[in-house]
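Listed below are the residues making up each chain.
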Amino acid sequence: MTNVPTITLNNGVKMPQLGFGVFKVPEGEEAYNAVKWALEAGYRGIDTAAVYKNEVSVGKAIKDSGIPREELFITTKVWNEDQGYEETLEAFEKSLERLKLDYVDLYLIHWPVKGKYKDTWKALEKIYADKKSRAIGVSNFHIHHLEDLLKTAKIVPAVDQIELHPTLSQEKLSTWLKAHDIAVESWGPLGQGSDLKNPVIVEIGEKYNKSSAQVILKWHLQHGFIVIPKSSHKERIAENLNVFDFSLSDEDMEALDKLNTNDRQGTNPDTYDTK
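Please read these numbers as outputs of a predicted model, since none were measured by experiment. (Residues numbered from 1 in each chain as written. Predicted model: local features only at pLDDT ≥ 70, side-chain atom pairs only at ≥ 80, totals over all residues. Heavy atoms only, no water.)

Novice: Would you mind going over the packing of helix H3 (residues 85-99) against helix H4 (residues 117-129) in detail, with residue names and values included?
Specialist: In contact at an axis separation of 7 Å, H3 and H4 are set at 45° when each is read in the N-to-C sense. In terms of orientation, H3 lies oblique with respect to H4. In this structure, H3 crosses over H4, and the sense of that crossing is right-handed. Of the residues in H4, those in contact with Tyr85, Thr88, Leu89 and Phe92 of H3 are Asp119, Thr120, Lys122, Ala123, Leu124, Lys126 and Ile127. (Axes fitted to C-alpha atoms, helices over the stretch in contact; angles between N-to-C directions. Helix = DSSP H or I, 4+ residues; strand = E, 2+ residues; numbered from the N terminus. Parallel < 35°, antiparallel > 145°, perpendicular 65-115°, else oblique. Left-handed = near helix turned anticlockwise from the far one by under 90°. Contact = heavy atoms within 4.5 Å.)

Novice: Quick one: what's the story with the sheet that holds strand E10 (residues 226-227), residue by residue and with numbers?
Specialist: Read from one edge to the other, the open sheet built from eight strands follows the order E3-E4-E5-E6-E7-E8-E9-E10, with strand pairing classed as parallel. Each end of this open sheet is capped by a strand with a single partner; those strands are strand E3 (20-21) and E10. Where strand E5 (residues 73-78) and strand E6 (residues 106-109) come together, four bridges link them in parallel fashion. Among the inter-strand pairings, lysine 77 is bridged to a residue of E6, identified as leucine 108. Packed on one face of the sheet, helix H6 (residues 171-179) meets strand E8 (159-163) and strand E9 (183-187) and runs near 170° to E8. (Pairing = 2+ DSSP bridges.)

Novice: Can you explain the pattern of salt bridges? Please cite residues and give values.
Specialist: What the rule picks out here adds up to 14 salt bridges. Note that aspartate 148 and lysine 118 form a salt bridge whose closest N and O atoms lie 3.2 Å from each other. Here lysine 118 lies in helix H4 and aspartate 148 lies in helix H5 (residues 143-149), a separation of 30 residues in the sequence. Residue classification places lysine 118 among the partly exposed positions, given a relative accessible area of 26%. For the salt bridge of aspartate 130 with lysine 126, the shortest nitrogen-to-oxygen distance reads 3.0 Å. The class of aspartate 130 is partly exposed, set by a relative accessible area of 39%. Lysine 126 sits in the partly exposed class, given a relative accessible area of 35%. Where salt bridges share partners, they join Arg69, Asp105 and Arg134 into one cluster. (Salt bridge = Lys/Arg side-chain N within 4 Å of Asp/Glu carboxyl O. Buried < 20%, exposed > 50% of the residue type's maximum accessible area, 1.4 Å probe, protein only.)

Novice: How would you explain the pairing of E8 if you had to name every residue and give the values?
Specialist: Of all five residues making up E8, five are buried, and the element is well covered by its neighbours. Where burial is concerned, the two faces of E8 agree: the one with Val159, Gln161 and Glu163 and the one with Asp160 and Ile162 are both buried. In this sheet, E8 lies alongside strand E7 (residues 136-139) in parallel orientation, the contact comprising two bridges. Note on E8: the bridge partner recorded for serine 139 is glutamine 161. Handedness of the crossover joining E7 and E8 through H5 is recorded here as right-handed. The pairing of E8 with E9 spans five bridges and is parallel. Across the sheet, residue isoleucine 162 finds its bridge partner in E9, namely serine 186. (Right-handed = clockwise from strand over helix to strand, strands pointing away.)

Novice: Describe the environment of valine 184, and please don't skip the residues or the numbers.
Specialist: Along the chain, the position of valine 184 falls in strand E9. As for valine 184 and serine 174, which are separated by 10 residues in sequence, their C-alpha atoms are 6.3 Å apart. The residues contacting valine 184, other than those within four sequence positions of it, are Asp160, Ile162, Leu164, Ser174, Leu177, Lys178, Phe225 and Ile226.

Novice: If you had to explain the pairing of E5 to someone new, which residues and values would you point to?
Specialist: Extensive coverage of E5 is indicated by the burial of six of its six residues. Note: strand E4 (residues 45-47) against E5, three bridges, orientation parallel. When the bridges of E5 are listed, aspartate 47 appears paired with threonine 75. The β-α-β motif built from E5, the intervening H3 and the parallel element E6 has right-handed crossover chirality.

Novice: Break down H4 for me, with residues and values.
Specialist: For H4, spanning 13 residues, the distance from its first C-alpha to its last is 18 Å, which sits close to the expected 18 Å at 1.5 Å a residue. Where H4 is concerned, the buried positions are Tyr117, Thr120, Trp121, Ala123, Leu124, Glu125 and Ile127. Contacts from the buried residues of H4 go to E5, H3, E6, E7 and H5. Looking one or two residues beyond H4, the residue adopting positive phi is lysine 131, at roughly 60°. (Expected span 1.5 Å × (residues − 1).)

Novice: Any details on the nonpolar core? Residues and values, ideally.
Specialist: Among the nonpolar cores identified, the biggest contains 70 residues, and Phe20 and Leu248 are the most heavily contacted of them. Grouped together as the second largest cluster of nonpolar side chains are 12 residues, Leu9, Leu106, Val159 and Ala183 included. (Core = buried A, V, L, I, M, F, W, Y, C linked by side-chain atoms within 4.5 Å.)

Printed below as a string of structure tokens:
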């Protein structure tokens, strides 16, 4: 059994703090093998999305693993062009069909599509009420998006999945989320690879005899973030899970915190064309 700790979401559901992401992992053998290897290594949280176009392979790997469904935590997301109340309900059922699941553990609004995300959230609230998702949340929402959403929402999002890594620490947003009991989930947790060669991170890794990726993932975990690294390489998938046998000192955490340069690798939600 896995030794991954869990985060208790604001509705009492427990979510693995370290999960496995499949962004840009192609449908077919590559996605199937990646999820298969992740589950074999001990991951129990799998994060996908409709727009990744690999839900079929993810679902097949889950089924073939033989792991009891209740031991897994599966996340998927509604894509921008599928937003709106009825559209979201329809898109969700299609995701369930591709995954071959009766329910998911977390369903997210992928991006805050202006003029649509409130109706989309109402659909997520229905999905939650119908017990087809154990928790609901958002992704790529800034504070102003959430403040607007909360004006009409009946349910506070359980999670906000945001780009977050040492050179984009999102301190203001993560502090706001924690204050509102919304879990912080980091996507692109290694800066899409850009942070791995940072000399400060490399030096800390040498101190603990750990890779730069392991140091960064530990930084996320010690901050209380949920983190979902991705890889298609079996050895790296296992390596990324091997982060529970050491702790970063306060001094090293502070050194990592100081690396922030607001260096966004993905698109800013305020300038992302979600039409």
